Amino acid sequence: MSNPENILEVKDLKVHYPVKTGILQRVTDSVKAVDGVTFEVPRGKTVGLVGESGSGKTTTGRAIVKLAPITSGTIWYNGEDIGNLGKKPFFPYRKKIQMIFQDPFNSLNPRMRISRIIAEPLDIHFKDMSPSDKMDRVVELLKKVGLDESHVNRYPHEFSGGQRQRIGIARALAVEPEFMVCDEPVSALDVSVQAQIVNLLKDLQDELGLSYLFIAHDLAVIEHISDDVLVMTNGKIVEQASAEDIYENPQHDYTRKLLSAVPKL
Amino acid sequence: MTRQIFIRLLRNRISLSCLIILALLYLCAIFAPFLSPYPPSTQNLKKAFHPPTAVVFKDWKLQVKVYENIDPSAAQYQAIEGETIPIKFFTGGKLFGLDTEDDQARIYLLGSDSTGRDVFTRLLHGARVSLTIGLVGISITMTLGFVVGALSGYLGGKFDSVMMRYVDFLLAIPTLYLLLALRAAIAPYFPSDKMFYVIIIALAFITWSSSARVIRGMTLSIRQRQFVLAAENMGQGKFAILFKHILPNVSSYLLVAATLSIPNYILGEAALSFLGLGIQEPEASWGLMLSQAKSMKVFMLNFWWLLTPGFLIFITVIAFNILGDVLRDIVDPKMKTTS
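Quick summary incoming for the structure in this document. Remember, predicted model here, so these are calculated numbers, not experimental data.

**Things to note about the overall build of chain A**
Then comes step 1: Scanning chain A from N- to C-terminus turns up nine helices and 10 strands.
Then comes step 2: On C-alpha atoms alone, chain A measures out to a radius of gyration of 19 Å, which is about the 18 Å that the 2.2 N^0.38 rule sets for 265 residues.
Then comes step 3: A principal-axis box enclosing the C-alpha atoms of chain A has dimensions of 55 × 50 × 45 Å.
Then comes step 4: Relative to its 265 residues, chain A shows a buried fraction of 50%.
Then comes step 5: For chain A, the share of sequence-separated contacts (at least 6 apart) that also reach a separation of at least 24 residues comes to 68%.
Then comes step 6: Surface summary for chain A: the accessible area is close to 12400 Å², and the carbon and sulfur share equals 48%.
Then comes step 7: Here chain A contributes 32 positive and 36 negative side-chain charges, whose respective centroids are spaced 8 Å apart.

Next comes the structure, spelled out in structure tokens:
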């Protein structure tokens, strides 16, 4: 069935959205956001998923954590089939699989203090934790992502984009996940800040043994962080290779186009 | 956030004066039994339509002039030269009263009505009804509006379409006629003093629909934002998302909408009572008091003091509206109309 070396295996995943027309709202067509995607993520490694806007990479990431409805296909996590689980049985995986979001200005509730934002997953998954333990954990997480203890009582608008993304990472780390879906975590940031965040993610991976599915549209970022790279377009994976191979010896036309779009010095 | 809004309200001169006026009115309503010289239903049939009694300063004391009725058919009163009664303060659990043995003597700061009841007293007691009706009303409206609107926006699907069609249905009903019909249908089952609550509830259960609409729209846009996705991803429950993530982000709208809709309740109560469908005698409310002024006699003989409840309604409604406008400017600077 699945290889125990892989933390995640996705087989023939499809996410189709029905197109309804007419008064009777009959389903006349479907938008194939993800159309038969198969890949695996080895334990402790990073798999990069690259493609242009609208290629279905974000939907793939969201389907794994059930934020997008799966039409067909299977997802194995640690050998367990999680693709067809209901809401209740999937709940434990909401702790193990975390997500980092693209837009750091939008992914933190503007009306919540940093301490509450980071403690929110703790409230859900560690109900027995005392408030003071939670606070200690929040401070520990802030330090881990390179922020200061004094930031706990501030609101998100008081931080820069890079700092907010660090807060997002701290929130994801709070419940000690094994696997993280990073949905374009650096696309909205300045180039210099991008490097800091990518390096932070790499350091955290070494320290905590995390596995990443790293979604981006920028091959330069992907090459820097990934072990394997998947190239996706129109809902399908067109090329799958190690990061060096993609760079040195791209096979598919689309990959070559993407590579030629990377600015060179 | 709420504290910041409040501080900015206090810094703005216009909203500060509105807040002070409203605070005074509410204080008067709360302390009505203490501030008013008589119980609200005490009559004096010999002193109907009595004009406001003049207060003079004599013998180092505040005194009121004594009047005699010179033409009972036209309710004409004339002050008796040299005859006054001193005012006593802090007497018998009241702020002020007359220092006299004569139980027919009255101090009418704002005149008396058709049965010789003190208008000033009844204004204070009427404020209790007229001012609380808005607060009770908006708490029902805003709660229902938020719960229905946010659930519709967040859950979508069948629930959304059923609730929104129901909202359409409510919006299509002419409110005044429904109230009249409700009042007529309900009247036999409630004593007239309970009618007050029935009116608020009837008003509130009709007017929640428009705020539900707006909240639904706001929820639709908020639920697409990534912090809601993040909360779903970490396994947060539906109701926790509603109250932790959506409510705080629509609360500023709720605050503005609530402030701007309090006047509607005050006016609604006034309109119903004016038509004789609201608060019943001998209870007091501003609308009910104003309905006395609709008689030809009051109009022709110029008993202006019977219009004071209208003036208070005017002041209250204006104050709430301006406060709501300033609040909206603070919460949403893009809507600002003046620089």
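And the narrative resumes.
**Some details on the packing of aromatic side chains**
All names here are of chain A.
Then comes step 1: Tallied over the full model, the rule gives 12 aromatic pairs over all chains.
Then comes step 2: Look at tyrosine 77 and tyrosine 93: their rings are 5.8 Å apart centre to centre, the planes differ by 85°, and that puts the pair in the edge-to-face class. Separated by 16 residues along the polypeptide, tyrosine 77 in strand 4 (residues 72-77) and tyrosine 93 in helix 2 (residues 87-96) bring together distant segments of the chain. In this structure, tyrosine 77 and tyrosine 93 share a single accessibility class: buried.
Then comes step 3: Ring pairs connect the aromatic residues Tyr77, Phe90, Tyr93 and Phe179, which therefore count as one cluster.

**Regarding the pattern of salt bridges**
Then comes step 1: In the structure shown here, the tally under the stated rule is 15 salt bridges over all chains.
Then comes step 2: The residue lysine 134 of chain A makes a salt bridge to aspartate 123 of chain A at a minimum N-O spacing of 2.8 Å. Residue lysine 134 of chain A is found in helix 4 (residues 131-144), and its partner aspartate 123 of chain A is found in helix 3 (residues 114-125); the two are separated by 11 residues along the sequence.
Then comes step 3: Of the charged contacts, one joins arginine 328 of chain B and aspartate 325 of chain B as a salt bridge, the two residues approaching to 3.7 Å between their closest N and O atoms. Taken together, the positions of arginine 328 of chain B and aspartate 325 of chain B, both in helix 12 (residues 308-331) and three residues apart, correspond to about one turn of that helix.

**Observations concerning the pairing of strand 9 (residues 228-233) of chain A**
Residues and elements named next belong to chain A.
Then comes step 1: Counting buried residues along strand 9, five of its six residues qualify, which places the element largely inside the surrounding structure.
Then comes step 2: Here strand 3 (residues 46-50) runs beside strand 9; their pairing, made up of four bridges, is parallel. Each bridged residue has a counterpart across the sheet, and for leucine 49 the counterpart in strand 9 is leucine 230.
Then comes step 3: Here strand 9 runs beside strand 10 (residues 236-242); their pairing, made up of six bridges, is antiparallel. When the bridges of strand 10 are listed, leucine 230 appears paired with glutamine 240.
Then comes step 4: With antiparallel pairing between neighbouring strands as the criterion, strand 9 and strand 10 make up a hairpin whose turn holds two residues, including asparagine 234 at a positive phi of roughly 50°.

Conventions adopted
Residues numbered from 1 in each chain as written. Chains lettered and ligands numbered in written order. Predicted model: local features only at pLDDT ≥ 70, side-chain atom pairs only at ≥ 80, totals over all residues. Heavy atoms only, no water. Helix = DSSP H or I, 4+ residues; strand = E, 2+ residues; numbered from the N terminus. Rg over C-alpha atoms; globule rule 2.2 N^0.38 Å. Buried < 20%, exposed > 50% of the residue type's maximum accessible area, 1.4 Å probe, protein only. Contact = heavy atoms within 4.5 Å. Areas by Shrake-Rupley, 256 points an atom, 1.4 Å probe, with all protein chains shown as cover. Lys, Arg positive; Asp, Glu negative; His and termini not counted. Charge placed at Lys NZ, Arg CZ, Asp CG, Glu CD. Phe/Tyr/Trp six-rings, centres within 6.5 Å; stacked < 30°, edge-to-face > 60°. Salt bridge = Lys/Arg side-chain N within 4 Å of Asp/Glu carboxyl O. Pairing = 2+ DSSP bridges.

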